[in-house]
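# Structural overview
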Amino acid sequence: MSDENGTPDTPAGSTAPAGPRPEPLRFFGTTWVHHDDGYPARRVAAGAGSLVAVAVSCLVLRFAYQGLQIAESGTFVSLLVVVMFAVCSALAFRHTWDGFTKRPDPERQASLRGLLAIGFVGSLLAYFFRSLTEAPGERLHRQEYERAREQFARRTTRRSGNPSKKRRRA
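Model, not experiment: these values are computed from the prediction. (Residues numbered from 1 in each chain as written. Predicted model: local features only at pLDDT ≥ 70, side-chain atom pairs only at ≥ 80, totals over all residues. Heavy atoms only, no water.)

### Points about the packing of helix H2 (residues 75-99) against helix H5 (residues 120-131)
Put simply, H2 and H5 touch, their axes get as near as 6 Å, and they point 40 degrees apart. As judged from the angle between their axes, H2 and H5 are oblique. When the axes of H2 and H5 are compared, the crossing they make is right-handed. Contacts between H2 and H5 pair Phe85, Ser89, Ala92, Phe93, Thr96 and Trp97 from the former with Phe120, Val121, Gly122, Ser123, Leu125, Ala126, Phe129 and Arg130 from the latter. Here the residues of the contact of H2 with H5 sort into nine nonpolar, four polar and one charged. (Axes fitted to C-alpha atoms, helices over the stretch in contact; angles between N-to-C directions. Helix = DSSP H or I, 4+ residues; strand = E, 2+ residues; numbered from the N terminus. Parallel < 35°, antiparallel > 145°, perpendicular 65-115°, else oblique. Left-handed = near helix turned anticlockwise from the far one by under 90°. Contact = heavy atoms within 4.5 Å. Nonpolar A, V, L, I, M, F, W, Y, C, P; charged D, E, K, R; others polar.)

Set out below in structure tokens:
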């Protein structure tokens, strides 16, 4: 679209590309389709960024743990906090990893929001490990895009011949 007046950039007589459009991925846009426009650099940057975020997050959690020690809240509370973050991170890792291969249920996603917030380190680690092989979520989006393209091709293919001249079986 033209920014000045809101008119389409394509002339009136031309046709826009027909068929399904790929769904953009966060940080990657639609570069995952053909692995173009800096896709490898984006994968490296996404992986490095998530690893840096994990390191900073662990540093913040360490400061929080030291705050518990300074407050002398006791061994039980310190152990409980460590176990809580470990379990929530493991569950968040698994949930995020599964979300790269199938669409998550919105109701379950909403009910796990607090757990995923606490286990953010696990989600960041899952993002890092997935970015080592592909853009996170690429496989799921590629499968859906290919399926949509096949369905579109089946819907738009034309029959050959005139169906009214079809020979009837006796």
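### So, the nonpolar core
Among the nonpolar cores identified, the biggest contains eleven residues, and these are Leu25, Phe28, Trp32, Val33, Tyr39, Ala46, Phe100, Ala126, Tyr127, Ala135 and Tyr145. Among the elements of the structure, helix H1 (39-70) and H5 are those that each provide at least two residues to this core. Excluding its chain neighbours within four sequence positions, the residues that come into contact with Trp32 are Pro22, Glu23, Pro24, Leu25, Tyr39, Glu138, His141, Arg142 and Tyr145. (Core = buried A, V, L, I, M, F, W, Y, C linked by side-chain atoms within 4.5 Å. Buried < 20%, exposed > 50% of the residue type's maximum accessible area, 1.4 Å probe, protein only.)

### Some words on the side chain of Glu134
Summarising the element assignment, Glu134 is placed in the loop between H5 and helix H6 (138-156). In this structure the side chain of Glu134 is engaged in a polar contact, spanning 3.4 Å, whose partner is the backbone nitrogen of Arg139. The contacts of Glu134, once residues within four sequence positions are left out, are Tyr39, Arg43 and Arg139. (Polar contact = N/O pair within 3.5 Å; in protein donor to acceptor, adjacent residues only side chain to side chain.)

### Here's the deal with unusual backbone geometry
Of note in this structure, Phe27 is not a glycine but carries a positive phi near 75 degrees. Within the secondary structure, Phe27 sits in the segment before H1. Using a relative accessible area of 58% as the deciding quantity, one classes Phe27 as exposed.

### Quick word on the pattern of salt bridges
What the rule picks out here adds up to six salt bridges. For Arg103, the salt bridge goes to Glu144, with nearest N and O atoms at 2.8 Å. A residue pair is termed long-range when its members are at least 10 positions apart, and Arg103 in the loop between H2 and helix H3 (106-111) and Glu144 in helix H6 qualify at 41 residues. Given a relative accessible area of 43%, Arg103 falls into the partly exposed group. A relative accessible area of 23% places Glu144 in the partly exposed class. Its salt-bridge partner being Glu138, residue Arg142 comes within 2.9 Å of it at the nearest N-O pair. Of the two residues, Arg142 and Glu138 are both situated in helix H6; the distance of four residues between them amounts to about one turn of the helix. Judged by its relative accessible area of 5%, Glu138 is buried. Through salt bridges that share partners, Glu23, Arg103 and Glu144 make up one connected network. (Salt bridge = Lys/Arg side-chain N within 4 Å of Asp/Glu carboxyl O.)

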